[in-house]
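Now for the letters of each chain:
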Amino acid sequence: MASATSAASSLSLLPSSRRHASSSLRLPLSLRLPRTHFVQSLSLHVAAGAARIVSGRAQRGSMRVVAMAKKSVSDLTSAELEGKRVFVRADLNVPLDENQNITDDTRIRAAVPTIKYLISNGAKVILSSHLGRPKGVTPKFSLSPLVPRLSELLGIKVEKADDCVGPEVEKLVSALPNGSVLLLENVRFYKEEEKNEPEFAKKLASLADLYVNDAFGTAHRAHASTEGVTKFLKPSVAGFLLQKELDYLVGAVSSPKRPFAAIVGGSKVSSKIGVIESLLEKCDILLLGGGMIFTFYKAQGLSVGSSLVEEDKLDLATSLMAKAKEKGVSLLLPTDVVVADKFAADAESKIVPASAIPDGWMGLDIGPDSIKTFNDALETTKTVIWNGPMGVFEFDQFATGTEAVAKKLAELSGKGVTTIIGGGDSVAAVEKVGVANVMSHISTGGGASLELLEGKELPGVNALDEASVSVALARIVILVRDHFLQEEKIYICKRNYHCFVIY
Ligand SMILES: Nc1ncnc2c1ncn2[C@@H]1O[C@H](COP(=O)(O)OP(=O)(O)OP(=O)(O)O)[C@@H](O)[C@H]1O
Ligand SMILES: O=C(O)[C@H](O)COP(=O)(O)O
């Protein structure tokens, strides 16, 4: 926690441009709106051509976020919803077992607040989703198995159509009473969905009066039900889940409470290049784990035994380390690793320094010293984002590092640190440890959250209506205010952590 004194003294360590930004740009008191207002209404969405806001670290010229407030379902009044047919695109792409039982209902639960809000305001909800990647009509990808759980969570009987367009569906829609829900069949049973064919989008849109996109997990796809329909339905607005995902993954990351740490793991550096490069522009501390660390070790001339290495990414690893140095980001690599004699759950294992991986052994987890150093570094933070496991957590004996991170983030969440988890495997690890409910935000999007963190635009978001100028301005004022309040509190912790020789 930064005391006033430590904040003041550490401010002197800041580059002059940042000191200037911190001390001379103060918002008038009249613009200091309550934080609760910020939390409730801030919805920042990456959108081309929108207002540019200098965010995060003011000294970084390139560190600008293009942000725009999108119209939200909460901007619609009862009068605008009562009796209206609302096309809701959700991402109900949940895992099913061989008996068609739902094995994880997170995405269904996440879709509930928007649907409840709409039905409680008298709307008729036409609910659409994909499931899997079917090629044509495929019974095992039907949305029928979702109906009982949806009905249970919503507290009403959800009707189900056998198709998603056509006369039978139109008949069902016209019979809907106010406050009801009709679930359409898997929209990907039509190839036109993924091709975003305008005629198909028009058919979907013809079922409804207005559009709500709550499918964050599919917002990186420009499909007929996520992007095409917006050309035919007005208004087209964001649902609560989509809004929350954007608030955390764009809002909290582009204007974080600092110090801001990013933890990136997973198997390969090649699949996380975009995320690492983007986070290097924003974070104060970057912790790396998982299979990718061995490419970094090798790039520094260390022996890595038979660990996973991407030989063609050695130069990239070197340039990422150089970039971290140039940006003043503390890049921490594990100092010790758990090595195994084979890639198997029952492998023989031992802990060795990262600089002494024996020939024939492969690193499958981070070691206890690294866990301690990572925990100490995380202790200083106010915002943490985590993507990718620290080791092969599918094997119990190599799950310790990943579980330690999950537990540490749970502990920090309890102390008011903003903790954001993205990526299927890290979310699975958090759930395995049983701490998912204490994190600030668990993303329902795999590919979508990665693309957002890489700074890419999401077509499903771009297509939505923009918030009115007054709402957008209020949100921008609050963001700027929040940014400068954070800048005032910045203190440098990262110089205290040199977990591994990077500089
Ligand atoms: N040291 C290691 N060697 C080999 N594989 C590893 C190592 N550490 C982690 N992994 C593997 O990395 C995989 C997860 O990587 P990935 O990049 O896909 O993570 P993610 O982004 O959280 O998940 P998703 O891709 O599902 O969103 C896991 O299967 C894990 O076993
Ligand atoms: O599970 C997901 O990531 C989303 O539902 C998107 O699915 P897709 O990768 O098949 O488009």
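- As annotated in an unreviewed UniProt entry, the protein chain carries the name Phosphoglycerate kinase and comes from Rhynchospora pubera.
- UniProt's Catalytic activity (unreviewed entry) comment on the protein chain is quoted here verbatim: "(2R)-3-phosphoglycerate + ATP = (2R)-3-phospho-glyceroyl phosphate + ADP".

1. Focus: the site of ligand 2
Right, on to step 1. The local shell around ligand 2 consists of Asp91, Asn93, Arg107, His130, Arg133, Arg188, Gly217 and Arg221.
Right, on to step 2. Arg188 places a polar side-chain atom, nitrogen or oxygen, 2.8 Å from an oxygen atom of ligand 2.
Right, on to step 3. The contact in question runs from an oxygen atom of ligand 2 to an N or O atom on the side chain of Arg221, over 2.7 Å.
Right, on to step 4. Calculation on ligand 2 without its partners gives an accessible area of 310 Å², and the protein chains cover 85% of this total.
Right, on to step 5. A majority-of-atoms criterion places ligand 2 in the largest pocket.
Right, on to step 6. Class assignment for the residues of the shell around ligand 2 results in no nonpolar, 3 polar and 5 charged.

2. Some thoughts on the site of ligand 1
Right, on to step 1. Residues in close proximity to ligand 1 total 19 residues, the closest being Lys272, Gly363, Glu394, Gly424 and Asp425.
Right, on to step 2. Protein burial of ligand 1: of its 650 Å² of free accessible surface, 78% is covered by the chains.
Right, on to step 3. When contributions to the shell around ligand 1 are tallied by element, the ones reaching two or more residues are β15 (362-366) and α16 (424-433).
Right, on to step 4. Sort the elements by how many residues they give to the shell around ligand 1 and α16 lands first, with 3 residues.
Right, on to step 5. Looking at the shell around ligand 1 residue by residue, the class counts come to 5 nonpolar, 11 polar and 3 charged.

3. As for the pairing of strand β5 (residues 124-128)
Right, on to step 1. Burial analysis of β5 places 5 of its 5 residues in the buried class, the great majority of the element.
Right, on to step 2. Side chains of β5 alternate between two faces, with Lys124, Ile126 and Ser128 and Val125 and Leu127 buried alike.
Right, on to step 3. Two strands pair when backbone bridges link them, and strand β4 (residues 85-89) and β5 are joined in this way by 5 bridges, in the parallel orientation. Residue pairing for β5: Arg89 is matched across the bridge by Ser128.
Right, on to step 4. Handedness of the β-α-β unit built from β4, helix α5 (residues 106-120) and β5 comes out right-handed.

4. Section: helix α11 (residues 273-280)
Right, on to step 1. By the criterion of burial, α11 is predominantly enclosed, with 6 of the 8 residues buried.
Right, on to step 2. Within the span of α11, buried status applies to Ile273, Val275, Ile276, Ser278, Leu279 and Leu280.

5. Regarding the sheet that holds strand β7 (residues 181-183)
Right, on to step 1. Across the sheet, which stays open at both edges, the 6 strands sit in the order β6-β7-β5-β4-β8-β9 with parallel pairing between neighbours. Sheet topology places β6 (159-160) and β9 (236-238) at the edges, where each strand pairs with a single neighbour.
Right, on to step 2. Where strand β8 (residues 210-213) lies against β9, 3 bridges are found, and the strand directions are parallel. Bridge assignment links Val212 to a residue of β9, and that residue is Val237.

6. Re the pairing of strand β10 (residues 260-264)
Right, on to step 1. Of all 5 residues that make up β10, 5 are buried, and the element is covered over most of its length.
Right, on to step 2. A two-sided burial pattern is seen for β10, the buried positions comprising Phe260, Ala262 and Val264 on one face and Ala261 and Ile263 on the other.
Right, on to step 3. Across 5 bridges, the pairing between β10 and strand β16 (residues 383-387) is parallel. Bridging across to β16, Ile263 finds its partner in Trp386.
Right, on to step 4. When β10 meets strand β11 (residues 285-288), the two strands line up parallel, connected through 4 bridges.

7. Quick notes on the sheet that holds β16
Hydrogen bonds between backbone groups are what pair the strands of a sheet, and the pairing can be parallel or antiparallel.
Right, on to step 1. One open sheet holds the 6 strands; their spatial order is β12-β11-β10-β16-β17-β18, and the pairing between them is parallel. Pairing within the sheet leaves two strands with one partner each, and these edge strands are β12 (330-332) and β18 (441-442).
Right, on to step 2. Set on the sheet, helix α15 (residues 400-414) makes contact with β10, β16 and β17 (418-422); between it and β16 the angle comes to about 150°.

8. Looking at the packing of α5 against helix α6 (residues 147-154)
Right, on to step 1. Running from amino to carboxyl end, α5 crosses α6 at an angle of 50°, the nearest separation of the two axes being 10 Å. Classified by the angle their axes make, α5 and α6 are oblique. Of the two possible hands of crossing, α5 and α6 adopt the one that is right-handed. Contacts between α5 and α6 involve Ile108, Arg109, Val112, Ile115 and Lys116 from the first element and Arg149, Leu150, Leu153 and Leu154 from the second.

9. Looking at the pattern of salt bridges
Right, on to step 1. Per the counting criterion, the structure on display carries 25 salt bridges.
Right, on to step 2. Between Lys313 and Asp312 there is a salt bridge, with its nearest N and O atoms 3.1 Å apart.
Right, on to step 3. Between Lys415 and Glu411 there is a salt bridge, and its shortest N-O distance comes to 3.1 Å.
Right, on to step 4. Since its relative accessible area comes to 47%, Lys415 is described here as partly exposed.
Right, on to step 5. Accessibility expressed as a relative area gives 37% for Glu411, which makes it partly exposed.
Right, on to step 6. Through salt bridges with shared partners, one network takes in Asp105, Arg109, Arg149 and Glu152.

10. Digging into the nonpolar core
Right, on to step 1. Leu286 and Leu288 are the most contacted members of the largest nonpolar core, which has 71 residues in total.
Right, on to step 2. Ranked by residue count, the leading element in this core is helix α10 (residues 240-254), at 6 residues.
Right, on to step 3. Non-local contacts of Leu288, meaning those with residues more than four positions away in its chain, are made with Val264, Ile276, Ile293, Phe296, Leu331, Leu332, Leu333, Pro334 and Phe374.
Right, on to step 4. Counting residues in hydrophobic clusters, the runner-up holds 30 residues, among them Val88, Val94, Val112 and Val212.

11. Describing the layout of surface pockets
Right, on to step 1. In this structure, the largest pocket encloses a volume near 600 Å³.
Right, on to step 2. Forming the boundary of the largest pocket are 26 residues, of which Asn93, Arg107, Thr444, Gly445 and Gly446 lie nearest the centre.
Right, on to step 3. For the lining of the largest pocket, the elements supplying multiple residues, two or more each, are α5 and α16.
Right, on to step 4. The element contributing the most residues to the lining of the largest pocket is α16, with 4 residues.
Right, on to step 5. Its residues placed into classes, the lining of the largest pocket shows 5 nonpolar, 14 polar and 7 charged.

Rules used throughout
- Residues numbered from 1 in each chain as written.
- Chains lettered and ligands numbered in written order.
- Predicted model: local features only at pLDDT ≥ 70, side-chain atom pairs only at ≥ 80, totals over all residues.
- Heavy atoms only, no water.
- UniProt positions renumbered as here; feature names shortened; annotations may be inferred.
- Near = heavy atom within 4 Å.
- Polar contact = N/O pair within 3.5 Å; in protein donor to acceptor, adjacent residues only side chain to side chain.
- Areas by Shrake-Rupley, 256 points an atom, 1.4 Å probe, with all protein chains shown as cover.
- 1 Å grid on protein atoms, 1.4 Å probe; cavity = no way out; pocket = protein on both sides within 12 Å on 5 of 7 lines; lining within 4 Å.
- Sits in = over half its atoms within 2 Å of the grid points.
- Nonpolar A, V, L, I, M, F, W, Y, C, P; charged D, E, K, R; others polar.
- Helix = DSSP H or I, 4+ residues; strand = E, 2+ residues; numbered from the N terminus.
- Buried < 20%, exposed > 50% of the residue type's maximum accessible area, 1.4 Å probe, protein only.
- Pairing = 2+ DSSP bridges.
- Right-handed = clockwise from strand over helix to strand, strands pointing away.
- Contact = heavy atoms within 4.5 Å.
- Axes fitted to C-alpha atoms, helices over the stretch in contact; angles between N-to-C directions.
- Parallel < 35°, antiparallel > 145°, perpendicular 65-115°, else oblique.
- Left-handed = near helix turned anticlockwise from the far one by under 90°.
- Salt bridge = Lys/Arg side-chain N within 4 Å of Asp/Glu carboxyl O.
- Core = buried A, V, L, I, M, F, W, Y, C linked by side-chain atoms within 4.5 Å.
- Points joined across faces, edges and corners; volume = space filled by probe spheres on them.

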